[in-house]
Protein chains: 2
Amino acid sequence: MSRKGILLVGHGSKLPYNKELVEETASLISRKHPDFIVKCGFMNMNKPSIEDSMNEFKSEAIDVLVVVPLFLAKGIHILKDIPTIMGLPEGEKRGSFRMNGRTIPLLYADPIGSDPLLADLMIKNAEQALFTI
Amino acid sequence: MSRKGILLVGHGSKLPYNKELVEETASLISRKHPDFIVKCGFMNMNKPSIEDSMNEFKSEAIDVLVVVPLFLAKGIHILKDIPTIMGLPEGEKRGSFRMNGRTIPLLYADPIGSDPLLADLMIKNAEQALFTI
């Protein structure tokens, strides 16, 4: 079966919560979408690094790798640091990923950005707080 | 009509994207939920500050104020900095907000955290990138 690789990239944090969030989100995606092989990688402070997880994908049976940043909005990590690690020129969203013995497309997805689902998440958290009074 | 105040708190950034995200999310909430009065405040780098927006709420016809952080996960800003600005002891989710002439409940909502909606947003962005090949 042809499968797609997703590398979920987190910011990383000295506290455990960012890593937990990224790993739990990866787990939710894996359960709901068995056609994706999902791994996590972190920009800073946590392991595995983005590089390490990209290397891990080299021996997986995937025919495309998508790097999806679990970041709210574009910033310096999204615009410069992550593309550099991926080997993409700045502003480029597509490249090639050299596997063991073959080359597959490498794609760079957008961060979360403005989305009605995000507004719904904010309302949900506000309502949970309001429920306490 | 009794209305609820929502202060949407963003991290702030030197680049314009975090501020745009927070303001667009506030706008989406306002349109969908006319029972909420929504304002934005930023932890760092952007204006208005959290303090300034809290002051703006003092003359609004609200009977509760909820501070909702537009952050992915708990970190030092969520656990220490924002509660300090709100006048809440660390770990406390409820306090009082002194308006012009009266006092109303002040609530502190959780950041986004792990949520199936977040996994759906990641998949949506991955699918958009995959659509380009």
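Below is a summary of the structure that appears in this document.

Parameters and conventions
- Residues numbered from 1 in each chain as written.
- Chains lettered and ligands numbered in written order.
- Predicted model: local features only at pLDDT ≥ 70, side-chain atom pairs only at ≥ 80, totals over all residues.
- Heavy atoms only, no water.
- Contact = heavy atoms within 4.5 Å.
- Buried area = accessible area lost by both parts, 1.4 Å probe.
- Salt bridge = Lys/Arg side-chain N within 4 Å of Asp/Glu carboxyl O.
- Polar contact = N/O pair within 3.5 Å; in protein donor to acceptor, adjacent residues only side chain to side chain.
- Helix = DSSP H or I, 4+ residues; strand = E, 2+ residues; numbered from the N terminus.
- Buried < 20%, exposed > 50% of the residue type's maximum accessible area, 1.4 Å probe, protein only.
- Pairing = 2+ DSSP bridges.
- Phe/Tyr/Trp six-rings, centres within 6.5 Å; stacked < 30°, edge-to-face > 60°.
- Lys NZ or Arg CZ within 6 Å of the ring centre and 35° of its normal.
- Right-handed = clockwise from strand over helix to strand, strands pointing away.
- Expected span 1.5 Å × (residues − 1).

## Observations concerning the interface of chain B and chain A
Item 1. Facing the 53 residues of chain B at the interface are 53 residues of chain A.
Item 2. Together chain B and chain A conceal approximately 4600 Å² of surface at their shared face, both sides included; 76% is due to carbon and sulfur atoms.
Item 3. Between the two partners, chain B and chain A, sit four salt bridges.
Item 4. Notably, a salt bridge pairs Asp-115 of chain A with Lys-124 of chain B, separated by 2.4 Å at the nearest N-O pair.
Item 5. At the junction of chain B with chain A, the criterion picks out twelve residue pairs in polar contact (both at pLDDT 80 or more).
Item 6. Sorting the residues of the side of chain B that touches chain A by element identifies β1 (3-10), α1 (17-32), β3 (62-69), α3 (76-86), β5 (103-108) and α4 (116-130) of chain B as the ones contributing at least two each.
Item 7. For the side of chain B that touches chain A, the leading source of residues is α4 of chain B, giving 14 residues.

## A few points about the side chain of Ser-13 of chain B
Residues and elements named next belong to chain B.
Item 1. Counting through the fold element by element, Ser-13 comes out in the loop between β1 and α1.
Item 2. Residue Ser-13 is classed as buried on the basis of its relative accessible area, which comes to 15%.
Item 3. A distance of 3.1 Å separates the side chain of Ser-13 from the backbone nitrogen of Leu-15, its partner in a polar contact.
Item 4. Non-local contacts of Ser-13, meaning those with residues more than four positions away in its chain, are made with Asn-18, Asn-44, Met-45 and Asn-46.

## A look at the pairing of β3 of chain B
Residue and element names in this part refer to chain B.
Item 1. The element β3 is largely enclosed, with a buried count of seven among its eight residues.
Item 2. Pairing of β1 with β3 involves seven bridges; the strand directions are parallel. By the bridge assignment, Leu-8 is partnered in β3 with Val-68.
Item 3. Of the pairings in the sheet, the one linking β3 to β5 comprises three bridges and is parallel in character. Residue Val-67 lies in a different strand from β5, and its bridge partner there is Tyr-108.

## A few points about the packing of aromatic side chains
Item 1. If you walk through the whole model with that rule in mind, you get zero aromatic pairs over all chains.
Item 2. Across the ring face of Phe-57 of chain A, the terminal group of Lys-39 of chain A is positioned such that the distance to the ring centre comes to 5.2 Å.

## Remarks on the environment of Tyr-108 of chain B
Item 1. Secondary-structure assignment places Tyr-108 of chain B in strand β5.
Item 2. The exposure class of Tyr-108 of chain B is buried, given its relative accessible area of 5%.
Item 3. Between the C-alpha atom of Tyr-108 of chain B and that of Val-67 of chain B, which follows or precedes it by 41 residues, the distance is 4.9 Å.
Item 4. In contact with Tyr-108 of chain B, not counting residues within four places along its chain, are Ala-129 of chain A together with Val-67, Pro-69, His-77, Ile-78, Ile-82, Pro-83, Met-86, Leu-88, Glu-92 and Lys-93 of chain B.
Item 5. Within the structure, the side chain of Tyr-108 of chain B is placed 2.6 Å from the backbone oxygen of Ile-78 of chain B, a separation counted as a polar contact.

## Here's the deal with the pairing of strand β2 (residues 36-42) of chain A
Residues and elements named next belong to chain A.
Item 1. Buried residues dominate β2, accounting for seven of its seven residues.
Item 2. Looking at chain direction, strand β1 (residues 3-10) and β2 are connected through seven bridges and run parallel. Each residue of the ladder has a partner; that of Lys-4, found in β2, is Phe-36.
Item 3. The parallel pair β1 and β2 is bridged by helix α1 (residues 17-32), and the resulting crossover is right-handed.

## Considering the side chain of Asn-46 of chain B
All names here are of chain B.
Item 1. Of note, Asn-46 is situated in the loop between β2 (36-42) and α2 (50-57).
Item 2. A residue is classified by how much of its surface remains accessible, and Asn-46, at 14% relative accessible area, is buried.
Item 3. Polar side-chain contacts of Asn-46 include one of 2.9 Å to the backbone nitrogen of Ser-13.
Item 4. Once residues lying within four places of it in the same chain are set aside, the contact partners of Asn-46 are Gly-12, Ser-13 and Lys-19.

## Brief notes about α4 of chain B
Item 1. With 15 residues, α4 of chain B extends 21 Å between its outermost C-alpha atoms, agreeing within 8% with the 21 Å of an ideal straight helix rising 1.5 Å per residue.
Item 2. Every buried residue of α4 of chain B is accounted for by Leu-118, Ala-119, Leu-121, Met-122, Ile-123, Asn-125, Ala-126, Ala-129 and Leu-130 of chain B.
Item 3. Structurally, α4 of chain B contributes buried residues whose contacts are with β1, α1, β2, β3 (62-69), β5 (103-108) and α4 (116-130) of chain A.
Item 4. One side-chain oxygen of the residue at the start of α4 of chain B lies 2.8 Å from the amide nitrogen of Leu-117 of chain B, identifying that residue as Asp-115 of chain B.

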